[in-house]
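Read off the chains here:
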Amino acid sequence: MLGLPRGTEWIVILLIVVLVFGPGRIGKVAGEIGKSIKSFRDGLGTKDDEENASTPSDAEKKN
C-alpha cells in the first residue's frame, strides 16, 4: 500500500532533487517563491487598506 514517504525516503528524494537541480538553483527557486508570496500578501494587504481608507468610520458617520 502506498502512503506518504517516511524518514529515509525523504532523504533519498532530497538527494535526487539536489543532484538534478544543484544547490545553487534550489536556493534561487526558494528565494523567488518567497518573493512571490511576499508580493502576493502585500497585494492583498494594499487592497484592504484602500477599502478601509475610503470607507468612513462609524465615528465619522455619527457626526
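Our subject is the structure that appears above.
Residues numbered from 1 in each chain as written. Predicted model: local features only at pLDDT ≥ 70, side-chain atom pairs only at ≥ 80, totals over all residues. Heavy atoms only, no water.

Caption draft 1: Spotlight on helix H1 (residues 7–21). The terminal C-alpha atoms of H1 lie 22 Å apart, and with 15 residues this matches the ideal 21 Å at 1.5 Å per residue to within 8%. Just past H1, the residue Gly22 takes up positive phi, approximately 85 degrees. (Helix = DSSP H or I, 4+ residues; strand = E, 2+ residues; numbered from the N terminus. Expected span 1.5 Å × (residues − 1).)

Caption draft 2: Inspection of a nonpolar patch on the surface at higher detail. On the surface, a cluster of nonpolar side chains totalling about 780 Å² of accessible area is made up of Trp10, Val12, Ile13, Ile16, Val17, Val18, Val20, Phe21 and Ile26. Among the elements that line the nonpolar patch, the one with the most residues is H1, at eight residues. One can find Val17 in helix H1. Look at Val17 and you get partly exposed, because its relative accessible area is 31%. (Patch = residues over 30% accessible without salt bridge, like charges linked within 9 Å, V, L, I, M, F, W, Y side chains within 5 Å. Areas by Shrake-Rupley, 256 points an atom, 1.4 Å probe, with all protein chains shown as cover. Salt bridge = Lys/Arg side-chain N within 4 Å of Asp/Glu carboxyl O. Buried < 20%, exposed > 50% of the residue type's maximum accessible area, 1.4 Å probe, protein only.)

Caption draft 3: Highlighting the pattern of salt bridges. Applying the stated criterion across every chain, the model contains one salt bridge. Asp42 is paired through a salt bridge with Lys38; the nearest N and O atoms lie 3.6 Å apart. Residue Asp42 and its partner Lys38 are located together in helix H2 (residues 23–54), separated by four residues, close to a single helical turn. For Asp42, a relative accessible area of 42% gives the class partly exposed. You can call Lys38 exposed: its relative accessible area is 54%.

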